[in-house]
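# Report on the structure
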Amino acid sequence: MENRNKIIEVKNLYVTFNTFAGKVHAVRGVSFDLYKGETLAIVGESGSGKSVTSKSIMGILSKNANIERGEILYDNKDLTKLQDKEFSNIRGSEIGMIFQDPMSSLDPVMKIGKQITEVLRIKHKISKEESKAKAIDLMKAVGIPQAEKRYNQYPFQFSGGMRQRIVIAAALASNPDILICDEPTTALDVTIQAQILELIKDIQREKNLSVMFITHDLGVVANVADRIAVMYAGKIVEYGTTEDIFYNPQHPYTWSLLSSMPDLNTSSEDELFVIPGTPPNMLYPPKGDAFAARNRFAMEIDFEEEPPMFKVSDTHYAATWLLHPKAPKVEIPEILKKRINMQTQKEGVLV
Ligand code: ADP
Ligand code: MG
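Residues numbered from 1 in each chain as written. Chains lettered and ligands numbered in written order. Predicted model: local features only at pLDDT ≥ 70, side-chain atom pairs only at ≥ 80, totals over all residues. Heavy atoms only, no water.

### What about the site of ligand 1?
Rules: We call a residue near a molecule or strand as soon as one heavy atom of that residue lies within 4 Å of the molecule or strand. Between N or O atoms, a polar contact is any pair within 3.5 Å; within protein, one atom must be a potential hydrogen donor and the other a potential acceptor, and residues adjacent in sequence are included only when both atoms are from side chains. Throughout, the Shrake-Rupley method with a 1.4 Å probe supplies accessible areas, and for residues the shown protein chains are the sole cover considered. Only DSSP runs of H or I covering at least 4 residues are called helices, and only runs of E covering at least 2 are called strands; the numbering of each starts at the N terminus.
Lining the immediate environment of ligand 1, one finds 15 residues, of which Gly47, Gly49, Lys50, Ser51 and Val52 sit closest. At 3.0 Å from an oxygen atom of ligand 1 is found a main-chain nitrogen or oxygen belonging to Gly49. At a separation of 2.8 Å, an oxygen atom of ligand 1 approaches a polar side-chain atom of Ser51. When ligand 1 sits alone it has 560 Å² of accessible area, and the protein chains cover 68% of it. Elements with a minimum of two residues in the shell around ligand 1: strand 1 (6-19), strand 2 (22-35) and helix 1 (50-58). Residue contributions to the shell around ligand 1 peak at 3 residues, all from helix 1.

### Focus: the packing of helix 4 (residues 112-124) against helix 5 (residues 128-141)
So the rule is basically this: As a rule, the C-alpha atoms of each element are fitted with a line to give its axis, helices using only the stretch in contact, and angles between N-to-C directions run from 0 to 180 degrees. Handedness of each helix crossing follows the sense of rotation of the near helix against the far helix: counterclockwise by less than a right angle gives left-handed, clockwise gives right-handed. We call two residues in contact when some of their heavy atoms are within 4.5 Å.
Taken N-terminus to C-terminus, the directions of helix 4 and helix 5 make an angle of 115 degrees; their axes are 9 Å apart at the nearest point. Two packed elements cross with a definite hand, and for helix 4 against helix 5 that hand is right-handed. Along the contact surface, helix 4 presents Ile112, Gly113, Ile116, Thr117, Leu120 and Arg121, while helix 5 presents Ser131, Lys134, Ala135, Leu138 and Met139.

### A closer look at the sheet that holds strand 5 (residues 77-78)
Filter applied, for reference: A pair of strands is treated as paired once DSSP finds two or more bridges between them.
With antiparallel pairing, 4 strands are arranged side by side in an open sheet as 2-1-4-5. In this open sheet, the two strands that pair with only one neighbour each are strand 2 and strand 5.

### Quick word on the packing of aromatic side chains
What counts, and what does not: Between rings of Phe, Tyr and Trp, where Trp is taken as its six-membered ring, a pair exists when centres lie within 6.5 Å; planes separated by under 30 degrees are stacked, by over 60 edge-to-face, and by other angles tilted. Throughout, exposure labels follow a simple rule: accessible area from a 1.4 Å probe, protein chains only, divided by the maximum for the residue type, with under 20% read as buried, over 50% as exposed, and the rest as partly exposed. Should the NZ of a Lys or the CZ of an Arg lie within 6 Å of a ring centre and within 35 degrees of the ring normal, that charge is described as sitting over the ring.
The final tally for this structure, using the stated rule, is 6 aromatic pairs. Note on Tyr232 and Phe291: the rings are 5.2 Å apart at their centroids and 80 degrees apart in plane angle, and the pair reads as edge-to-face. Within this pair, whereas Tyr232 is found in strand 9 (residues 227-232), its partner Phe291 is found in the loop between helix 11 (252-259) and strand 11 (310-313), the two being separated by 59 residues in sequence. Geometrically, the ring pair formed by Phe310 and Trp321 is edge-to-face, given 6.0 Å between the ring centres and 65 degrees between the ring planes. Of this pair, Phe310 sits in strand 11 while Trp321 sits in the loop between strand 12 (316-318) and helix 12 (334-345), and the two are 11 residues apart along the sequence. In this structure Phe310 comes out as buried when scored by relative accessible area, which is 15%. The ring of Phe158 carries the charged tip of Arg150 above its face, separated from the ring centre by 4.0 Å.

### Quick look at the sheet that holds strand 8 (residues 210-215)
The strand order across the open sheet built from 8 strands is 6-7-8-3-9-10-12-11, with neighbouring strands paired in mixed fashion. Strands at the two margins of the open sheet, each flanked by one partner only, are strand 6 (95-98) and strand 11. Ignoring which end each strand starts from, the neighbouring axes of this sheet average 20 degrees apart. Relative to strand 8, strand 7 (residues 178-182) is paired through 5 bridges, and the arrangement is parallel. For Ile180, the partnering residue across the bridge sits in strand 8 and is Met212. Contacting strand 3 (39-43), strand 9 and strand 10 (235-241), helix 11 runs over the sheet at an angle of about 105 degrees to strand 9.

### Notes on the side chain of Arg150
What counts here: For this count, His and the chain ends are skipped, Lys and Arg are scored as positive, and Asp and Glu as negative. Think of a salt bridge as a Lys or Arg side-chain nitrogen and an Asp or Glu carboxyl oxygen that are within 4 Å of each other.
Topologically, Arg150 is positioned in helix 6 (residues 147-150). Comment: no salt bridge for buried Arg150; closest opposite-charge side chain is Glu148, at 10 Å. Every residue in contact with Arg150, bar those within four places of it in the chain, is listed here: Ile112, Met139, Ile144, Pro145, Gln157 and Phe158.

### Quick notes on the domain arrangement of the chain
To keep it simple, the criterion reads: Where each domain starts and ends follows an automatic or database-derived domain assignment.
Taken domain by domain, the chain holds domain 1 (95-173) and domain 2 (234-347). Summarising the inter-unit geometry, the C-alpha centres of domain 1 and domain 2 are found 40 Å apart.

This is the structure:
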């Protein structure tokens, strides 16, 4: 990273939900930095706390949520302490967001051109002509054909991929510094998914945006992310550059995620590795390393004591007892070893 300016610092964030069944411990001590101009991916199985983390940054947690501890520093402010009104000024203008389901961020009965520039018109009170010109420019920039004509159409007249482009155009209208993308391509088919990823990458480069890219699919981020944080059961268990995570993974959970990912050499007949068991119930988070029960490399201590973050290199950290100097040496799974060798031989697969 050329520019190491932090734009967001999340420090020791704890988020719980009050439910009839009890307290859900959704996020349990998450810390990370987002740097200016980088794309940080947050990856983990469903339920690991990715969306709760991003919603905490956006200030859009549901009413039964509590930020129990921690800080989210942005522009000299702690976002966890902001009032709703101050938050809504930042949201959608300095920080843009894109979700899995574009329909959830679009108004079905409003013409799409209007939706793209709504933020501008409300916050900057620009004229109708100006906002129309701006909307059409943005529609062209995100690859919507016949933008002038389509300006007056409604969301239902667009395909899923085109709707997601509209949401991206709307998120960019106010020139945000940060774009949070929460599973932006999960609902789309593979070809469209690739196009949307390419679009986000191009925009990120062009505008030097900081992007937080959330996905359950590690395969999606290989070509998009500068850095990757792996989440499990409400915690970040490993983080590093994309190369660190793909070529030198350290946490057995990261090994499992990587092993369950199809790659260029996987044919349709190959059976993919499936991580055994299920993530823990966050009403009762387990002691120790939360992944222990599903980890064939688990040691006694994994069930008892939480591992600290061990430093692997200046860019790479992982919370696994396997990195303790006294831990037995274990070999990474065979499928992964093969894959890493293949990737290293095939230059350019990753970056
Ligand atoms: P994901 O990594 O799939 O985005 P989430 O961040 O949505 O996961 O969820 C993390 C945990 O918080 C899960 O156990 C989920 O069930 C719980 N959770 C999320 N939203 C709520 C809510 N509104 N009420 C109760 N529990 C919730
Ligand atoms: Mg989610």
